[in-house]
Structure formats: C-alpha cells, structure tokens
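Residue strings, one per chain:
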Amino acid sequence: MRIQLLLAWRYLWGRKQRMVLTTLAVVFGVTLLFGLNAMIPAMMESFRYNMVTTAGKVDISISSESNNPFDQSALNDLSEINGISQYTGILTKNVVLPESLGGSVNKLTGASAVTVTGVDIATAQKVRNYSLNEGRFLEVNDTYATVIPQLLADKMELKTGDTFVIPSSEGVAKLKVVGILSLSAAAGLDEIFVPLPVAQTILNLPEKINTIDILIKSGVNRDKVVSSILSKLGPNFKSGAIQTGEELSSALLMGESMMWLFGIMALAMAGFIIFNTFRTVVAERRRDLGMLRAIGASKHTIMGLIMVESLIQGIIGTGLGLVCGYLFCLGLLSGVGNIFAGLLRVTIGTPVITSANLIGSILLGVGFTVVSGYFPARSAMKVTPLEAMRPTLAIVEYRQNNRRAIWGLILLTLSVLGLVFGDVKIAGVSGVIFLVGIILIAPVLVKPVAVFFGKLISSIYPREGRLAQGNLTRQPSRAAITASSMMIGLAICIALMAMITSIEHGFMSYLDKSLGTDYLLMPPSLVLGGGNLGANQGLIERIKSIDGVKEATSLRLATSQVDGSTLQLIGVDPLVYPKIAGLEFSEGNSDKAFKAMSKGSAIIVNGVFAITNRVKPGDILALKSPHGVKNYTVVGIGFDYLNAKIATGYISQSDMARDFNSESDLLLLVNRKPEFTAEEVTPALQSVIKDFPTFSLIDSNSFKTEQMGMFKMAMSVFYLMVIMLAVPGLIAMANTMSINVIERTREIGMLRAVGATQTQVKRMVFAESVLLSALGTTMGILVGLFLSYLLVKAISVIGFKTDFYFPTMGIIASMVVGLVFGIIAAMVPARQAANTVIVEALQYE
Amino acid sequence: MATIEVKNLSKVYGSGETKVTALDAVNLIIEQGQFVAVMGPSGCGKSTLLHLIGGLDRPTSGSVFIEGSDISKMSDNSLTELRRRKMGFIFQFFNLIPVLDAIENTALPLILDGVKPELARSKASEWLNRNRLDGRGKHRPDELSGGQQQRVAISRAMVSDPVIILADEPTGNLDSRSGDEIAATLRKIVTDWKRTVLMVTHDPRIAAYADRIIFLKDGKVVDDTLLNGSNGDNAKRLKEKVESL
Ligand SMILES: Nc1ncnc2c1ncn2[C@@H]1O[C@H](COP(=O)(O)OP(=O)(O)OP(=O)(O)O)[C@@H](O)[C@H]1O
Ligand SMILES: [Mg+2]
C-alpha cells in the first residue's frame, strides 16, 4: 500500500493542472448532489415546523380519518367506553397572522402563524396540564379570552390584561389575555388557547371539533381502548393527531427525487471525465508501468496504484464537494427562500444535513470516482513488462468500434420505439437507453463530424485545421468520451430549456384562465390550506352589495382521502365560478362538468391526482369525510393555476358544506361592472377588507405581473442550475485538451523544430478543441431534443397540460456555449503548447 | 549449478506468412560472476533472448533455468517475485519514474518487496554513492543527465542484491564517454560484487569490457568467445569479428 500511496501522490502532484481539473469535476458533482439535497429537507422541516400540530402528552388522540373537523356530538359516544378516564374535545387550527396584526414580528418559528386551540373549559384541564407563569387559566364564563405561551407573550410583548388580535371568520377577534403559560420552547408552536365556542366562531366551524384528547385508566391496555373507541365512533375516525401539510410534503418529495437525479447526472459526467483521464494516464504511463512490472511489481500492485490515485481524487473531491455543497445550499436557500417566503409565508432555515444525504453523497462521490478508475486500472494491470523495453510512440487507436456502434444503433432504435408505444414510465427508460446508445455510437460519429467541421475550420486556417482533424480522429474513443460528457451537459441544458419554455407558455395561459377576474381577495398564503383562515358568508355578502361589483364567487377548502392518498378539495360555486374564472380542462368539457357538479356529488379532479390514482371521467371516487365515505362521480379532469401542483378535486360548495363541514371562503374572485372604473370600486372593496385583515385585495393585473416576476425568479434559479450542469462539460474539454498537449509535447516540439510558429501551434490546439466541442454540441442537441420531448410529455402527463415548444433558444444557446467552451477549454493548453521549449520537448519522457 | 542455463530455447512470433523465428533452439550456460555481452546484427534475437532469460516473456519451446529452477513453468506471481529478488534490469531508455527523485527511484524494488522505507532509502543512497551520484539523491530524473540517469538505473538494478543483471543496450542512448562510464560500472559490479551480468550491445568498444561475447545471427548462437586481452585489444578483435560475421 505504501508504494501505491507514494506513487499515486507523486503522480498526482506531478500533474497538478490535470489533478485540479479532474478533482474539480468530482467536487462539482458532489456539490450539486449534496447541496440540492440539503435544501429539500430544510424546506420540509420548515413546513413541518410551521404546519403540523404536535399531539401533546395525552394517551390517545382521536381525529377524523380525513383530517376534517367533525361534529362535537361524537364526544357523547365516548362516555360508555370502558377504560377511559378523561376526555376532552378540541378544535385546533393554524391561523396565519397578516402583517397588520403583527405577523412579521414572529421571527422565532419562522412562520407568521399561531395555532388557535379551542378547549372545553370544563374538561380541558383534566386531560392536559396547563402550568401558568402568570394570571389564570380560562374559566367557564370567559368568552373572548385567551391564555398564551410565554414565548409568544415575549415576542408580541403581551402581558395579562392586554388584547391579542387575531383574524377571524367574522373579521377579527379581539382576545383578552388572561394567563401566560409556561410552555417550554420545545413545544415549538405558538399555540393559544381560547374557549371552544370562540374557536368555533373564529374558524367558522360551529359545533365542530377536530381532535379528542383522551386519558386512559391506569392498568388498562391502550390498544384495546383505542380499538373499542374506533369501533364505537365508526370508520371515519382514526387514532393520532390530525396531519396537515401532507399535500405539500408529497410535492417536495417529488422535488427531492428530482434533486437526486440532477446530482447523479452531474456525477455521471464527473465519472466520464475521470474515466477519460485515467485512460490517458494509463496510456501515458505504459512504459513506467512496464518497468515497474519488470523490476518486480505484481499485477495487483499496478492496479492498486491507479485505484489509489482515483481514490485520493475521489476523497479530496468529495470532501471539497461537501463543503461547496453546503455553501451552495446556503446560497440557494437565501434565493429560493425569498420566493418561498413570499409565496407561502414560510421562512426557510439553514441547510439540513440528513445522514442519508451525507452518506449518499460520500458513497456516490467516492464510488463514481473509484468505479471510473477501475476500468483503466484493469487495463493498466494488463501492461506487460515488455512495454518497458519499447520506445514510446503517441498512442494511435486501431481498434474497430463497429460492434459497439451496432449495439448503439439497436439501442437508439429501441428507445425511439419506446417513445412511440410506451407510456411515461417507459419513456423515462427510453431516455436513458437513448443516452447510452448515443454514447456507444459516438466513436463512429467522430470521424464524419470531425471531417465536416474540419472543412469549415480549414477554410479559415487551412494547415492547422487539417492537423487538428487528424489529431482528433486518431483517438476516436477518447474524443468520443470527452464529447459525451459535454453532450450530457448540453443535452440536459437543452431539455431543461425546452421544458422551461414550454412551461412558461403554459403558465401564461393558466394565469389568464385562472385569474380571469378583476379582483382577488387573497389569503395570506398563496397555497391554499395550511394556516389560512377563511371568512364566513358575511364577507361575500358585503362585497356583493357594493355598487359596481358585478359578480363575486369564492373558493373553499377541505381535505379528504381516497385509497389512502390525500386529496385537497376545493369548493366552488358551479354556477358562478365557471363564468368568472373556470378551469383548464384536459378531459371532459367545462359546461357539462359544472352542470353535473351543480346536481351534486360530482367532482372534477386535477391531472396530478388523475395520474397518480389512475382516474378517468365516469369513475366513482370514495372520498373519506367526517360523515363517512361519500361517493363522488368524476365528471372531468381540469385544474386551476393555484392548485396545479397539488392533488386536488373540485366539488360544489353545497356538497362541501354537507359532507366536509367547510363553509369558509378562503379566496374570493370579484368582477367589476364594465360601466364602473377601478377608482370607483377599489376604495369600497378596501373598506370592506379592513374588517377582514387576513385578506388582501389584489387587482388581477398587478397580481399577474407579480406572479410572472416570481415565476421568472424561480426560473432564473433553474437557469442557474442548468448552466451549472454544463460546467463539467467544460472541465472535461479543458482536461482532454491539456492531456492532449502534454501527451504530444514531443510532437509539438518536433513541429516547432521543423518550423511551425507559435501561432500555428496555438491555432492547431484551438482548432482541435473547437472540433471536439462541435462534436459534443451536435450530439448534445440530438439527445437534448429527444430528452426535452420526453420531459414535456412527462409533465403534461402529470397534470400540466403543456405543449412542446421547440427550444430554438436552447439550441442557439448551446451552439454558442459549445463554441465558447471549445475556445475557453483550449486557452491554457494552447499557451502551454505554444511555449513548448523545443529541446525540452524532444527530451520529454 | 550454473546461474543461467538455457536449453533448446526457441521463440516464434506470429504464424503463417508473418511467422518470425526470433530464437532457434539456443543452448547456453552462464556461470556466476561472468560478464557476458550479446552481439549480433539488428533483428537477430538479442533482445528476445534477454527477455526470455529475465522472465519478461515466455518461450515457444525449450526452457530457462535460473539457479537450477525452470522459470518457463512459473506462474506470473512467482515470476514477478523472482524478478524482484534475483534480477536487476537496465533499459536503453533509463526508464525512471519521472515523478520520483533518484533515491526513491533506486529504492523502488525494495519498497515493492515490503522493505522498511528508512532501510530502503539508506540502501538506495549507498548504491547511489557507489555509482558516484553523491548529493544527487533528491534530484528528479529531468534534472539529471542521460549518463547520470543510467547510473541511477544501475543503482536501482543493484539495490536488491540480485544474482543477475540484465541490460539491453544500456549505452544505446548515450554519448561514447558516458557509455564507457556505464560499461566500467558494470565491469566493477562483476569484479567487486561477483554478480552475473548479461548485456546486449552492438558497440564493440562497450562489449570489450565483458569476459565473454556471444554472437547471435538469425536466432542462433554463431560464436561464443572468451576475452582475456586488454580492453583495446579486445575491442579491435571484436570489431574484426563483427565485420567477418
Ligand atoms: N512482438 C513481436 N511480434 C513479432 N515479431 C517480433 C516481435 N518482437 C520481435 N520480433 C521479431 O523477432 C526478431 C528478433 O527481435 P529482437 O528484438 O530480439 O531483435 P534484436 O536483436 O534485439 O534487434 P535490435 O538490435 O534491432 O534491437 C526480429 O525479426 C523482430 O522483428
Ligand atoms: Mg534489441
């Protein structure tokens, strides 16, 4: 081992530039992998922290299967059950505080939200222990009174006797602080306690609770009690606290797998680069290796030597990559974090390093490097001692690549067939197959592409162009590998750009469709659900009564489960909603669907849900509700802009009130009468809104601009990532070019000796590099188009109905990037080549 | 027991039309402490003979015995070990590892054999000193002249106390003065250290340092002469012989 370490280290040190470049590739891959994956958990954690209520220290918590509120009459059923010692009903919900009510003050939990918990004063203290620092607990005669935790009191600068104002379905609720709780910070959430009827009013859920907390008698079997409770209450209940934020979590999980994909792709490129480098290393050192064999190094020693070298680079690269990844994540979080904070009213903390991410990044980073070193190491092992005896010549490849090319062709055909016949899953596989196919076929492409572009270059620099072309074609495999890593980079760029272009086009039309109204009354957080607090009928009535308002309609919210997966339900008015806003339908048509909806028990689902649950119009969905399982008929597949990413179903508001106990308006859409101007109507709306501070008034045009701005910002993060993915391609090129120059020092010296000028040598290197990048770009564009078609298809299948837009910009950008990369990659090597000292070059060993 | 014994050794490259018989049933016995030079026209099989004796290549037929054991039947691993312990190689192109300094290059066979680094280094610098490279131990090959590089290579060949030193045109890449120095160094190794040296050369002046000259032609031994005159006489005699053959 010692000898391998010594030699490996010395060889690496002896070729610093190359070591830096190859290691950089690993650093880059690990940075992406680790950084991106540290971001997702950071987001998830924030969500959990902000949205999920903690269960508290009770023996059993009962909530409805669908996480919706249920009738408090359910409590009556519990009195007969054996084993229960105490129980109490609770209504609890997160409420986002608008800035006017001090929402921005709350910096600690990150979210400007409090959890409002309504407790039954008679029974609450029997079940949970509320220890007070100051004041008293709620008493039977209290109405708008509250006890708040110390932490919140400190932040909001409240003391007993003060008034705490929170949004309410009636507008605002002014709560008198009667006591301060000594809840530990570990409880995390800012949970305030109010009398149950008050909570029911604030949340517009009369007679409803959503959790029953239960203490059992000592010595009884908890599981037995749970099952007798559940059998008594029926199938609509479950044991466990209510869970919110699930829909978003699943969207984030999807994001997480995307991030892994990105990281692995970057690492795969790094793998190519390392493979390429070590192949050259082995070729370059054949004589050294032969000599080592001659003086008694065993085959395993030789193999070990190369492996140790790649291991060193893998370890250094991965280590640096982890550090850079962390920094990258910090940067991303502060960038994306802003968008998130604006969109969801959730602040995102620091990168979260999960052990899975850490171990995965290390294993993949080191693993890819070592595996990429393995094959060259094996060929090093096969170097015979006799190689030491022969004079070295620059390596020329005579091997035929035809067999591989045929395999490549077969794979390409298969993948195209897969595209024609297959569904999305097969399409994904065929994307990979296509990539492999093109990599296999690449060495054969080298010659024609080099000849074609060589002609172009030759027309500018006749002599150098020809030389460069010859240099490139004498080692088609290496050229192909370099070009392949560039190809992967560019292909991904093009595919992503195509996707972005397509989404951008789609986005515009959703925005127009979904926000076709003049005004929006928006809750604090754009993504519905979570901590948004709706308004009761009062708001919409007052708005309708304003002179100059033509129509107003609202969206309501509930959640349900179908076959175990969460479904967000949006309640719309089937008569007014399609007139004012409407949905984008991918199956079924608007008129029929809403007509069916107004008859009741009909649902329109969005694409995300339809795909994941294989639902089509005409199917019957069994939705879990607080009143048991309800059957709804699917009457169409369509979506609005706000809920495109989350599994969503649209039902009528009357169905929602009946089955899901939800009658709060979360978002209001308002149209002006054409004969009125904005100046006349807006002030009237604003004065109504004043009494409902959770809502903000937005005029659609400015909202659209704002949304486009946010979208552009999100896209710019995307573009950044796209560009970062192209960087390894540049590294690969620079790497190959400098290897080429080092390897041909002798030849270059000879050329100089026989009269080539420095400029000519430089041009030769540049020409070769540009040829190489032309090859990479050509393949990249081919694969990129294929991939982008796949991607767009895949997106439209999961719910965004997106048309394929030919990524003209992406292709032009790629060609420019390819050319620029070709030139940049050759800069240092070209200077090196030009500065070759003739005598030294001829002595070079 | 002879140090090297070659029996009916043949080596054939290729087959059919491109078949080349590089060695044709060669028999040789070389005793310990002999300095043997192999001469002959280009392509006569000199290098091939050296490779087979050094266990770098396998014969088509016949066998090579090193201190009585048949190396043509050995596994790759035992051959490797044999090369490491019993043989030293000197190549025409010096073949030093460019990224290691002179001491490290010299110590390579010992390090490969698992000898402690300190011991390996001290042995290596002893040999470098013996070969008049004192103070050059920290220099990398590109900082040394061709002759110096070759003396590092000789030090490397000697460092593991091998029985046999094999050298293929060790002076082929050097000017005549450096060439003489190398030949003299090899001579010393035989006289002072009683090693067996087998050297391929086409230069009569260099061959004249040897005790015995073997002439090859078309893969066959055509002449086998012991030298006992002065260096100058020997060189003259050899030159005539080369011309006559
Ligand atoms: N790997 C090989 N494949 C085919 N033929 C070979 C191979 N190696 C050597 N030969 C042939 O074997 C014969 C002997 O080669 P060898 O290298 O032993 O000659 P040599 O005496 O060392 O010549 P020189 O003085 O030029 O080095 C030559 O005709 C050569 O062409
Ligand atoms: Mg030879």
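Please refer to the structure higher up on the page.
In short, a report on the structure. (Residues numbered from 1 in each chain as written. Chains lettered and ligands numbered in written order. Predicted model: local features only at pLDDT ≥ 70, side-chain atom pairs only at ≥ 80, totals over all residues. Heavy atoms only, no water.)

**Comments concerning the overall build of chain B**
When helices and strands are counted, chain B shows eight helices and 10 strands. For chain B, buried positions account for 55% of its 245 residues. Considering only intrachain contacts with a sequence separation of at least 6, the fraction spanning at least 24 residues in chain B is 68%. Accessible area for chain B stands at about 10300 Å²; split by element, carbon and sulfur atoms hold 47% of it. (Helix = DSSP H or I, 4+ residues; strand = E, 2+ residues; numbered from the N terminus. Buried < 20%, exposed > 50% of the residue type's maximum accessible area, 1.4 Å probe, protein only. Contact = heavy atoms within 4.5 Å. Areas by Shrake-Rupley, 256 points an atom, 1.4 Å probe, with all protein chains shown as cover.)

**Observations regarding the overall build of chain A**
Counting secondary structure elements, chain A contains 25 helices and 22 strands. For chain A, with 845 residues in total, the buried portion stands at 58%. When the accessible surface of chain A is split by element, carbon and sulfur atoms take 62% of a total near 34200 Å².

**Focus: the site of ligand 1**
Residues and elements named next belong to chain B. Inspection of the region around ligand 1 gives Tyr13, Val20, Ala22, Ser42, Gly43, Cys44, Gly45, Lys46, Ser47, Thr48 and Glu169 as its neighbouring residues. A distance of 2.8 Å is found between an oxygen atom of ligand 1 and a backbone nitrogen or oxygen belonging to Gly43. Contributions of two or more residues to the shell around ligand 1 are made by strand 2 (20-30) and helix 1 (46-53). Residue composition of the shell around ligand 1, grouped by class: four nonpolar, five polar and two charged. (Near = heavy atom within 4 Å. Polar contact = N/O pair within 3.5 Å; in protein donor to acceptor, adjacent residues only side chain to side chain. Nonpolar A, V, L, I, M, F, W, Y, C, P; charged D, E, K, R; others polar.)

**Some details on the packing of helix 3 (residues 102-112) of chain B against helix 5 (residues 146-158) of chain B**
All names here are of chain B. Following both chains from N to C, one finds helix 3 and helix 5 inclined at 30 degrees, their axes separated by 7 Å at the closest point. Classed by the angle they form, the pair helix 3 and helix 5 counts as roughly parallel. The two elements helix 3 and helix 5 meet at a crossing, and its hand is right-handed. Mapping the contact onto sequence places Ala102, Asn105, Thr106 and Pro109 in helix 3 and Val152, Ser155 and Arg156 in helix 5. Among the residues making up the contact of helix 3 with helix 5, the classes are represented as three nonpolar, three polar and one charged. (Axes fitted to C-alpha atoms, helices over the stretch in contact; angles between N-to-C directions. Parallel < 35°, antiparallel > 145°, perpendicular 65-115°, else oblique. Left-handed = near helix turned anticlockwise from the far one by under 90°.)

**Side note on the pattern of salt bridges**
All names here are of chain B. According to the stated counting rule, one finds 33 salt bridges over all chains in the structure shown. One salt bridge in this structure joins Asp113 and Arg84, with 3.0 Å as the shortest N-O distance. Taken as a pair, Asp113 in the loop between helix 3 and helix 4 (117-130) and Arg84 in helix 2 (residues 76-86) lie far apart in primary sequence, 29 residues in all. By relative accessible area, Asp113 is classed as partly exposed at 26%. We classify Arg84 as buried; its relative accessible area is 13%. Ionic pairing is found between Glu181 and Arg177, a salt bridge with its closest N-O pair at 3.9 Å. One end of the pair, Glu181, and the other, Arg177, are both in helix 6 (residues 176-193), four residues apart, so they sit about a helical turn from each other. Looking at Glu181, the relative accessible area reads 24%, which means it is partly exposed. Residues joined in a network through salt bridges with shared partners are Glu81, Arg84, Arg85 and Asp113. (Salt bridge = Lys/Arg side-chain N within 4 Å of Asp/Glu carboxyl O.)

**With respect to a nonpolar patch on the surface**
All names here are of chain A. On the surface, a cluster of nonpolar side chains totalling about 780 Å² of accessible area is made up of Val323, Tyr326, Leu327, Leu330, Ile353, Leu358, Ile359, Ile362 and Leu363. Among the elements of the structure, helix 9 (299-344) and helix 10 (355-381) are those that each provide at least two residues to the nonpolar patch. Mapping Leu363 onto the fold places it in helix 10. Leu363 gets classed as exposed once you look at its relative accessible area, which sits at 59%. (Patch = residues over 30% accessible without salt bridge, like charges linked within 9 Å, V, L, I, M, F, W, Y side chains within 5 Å.)

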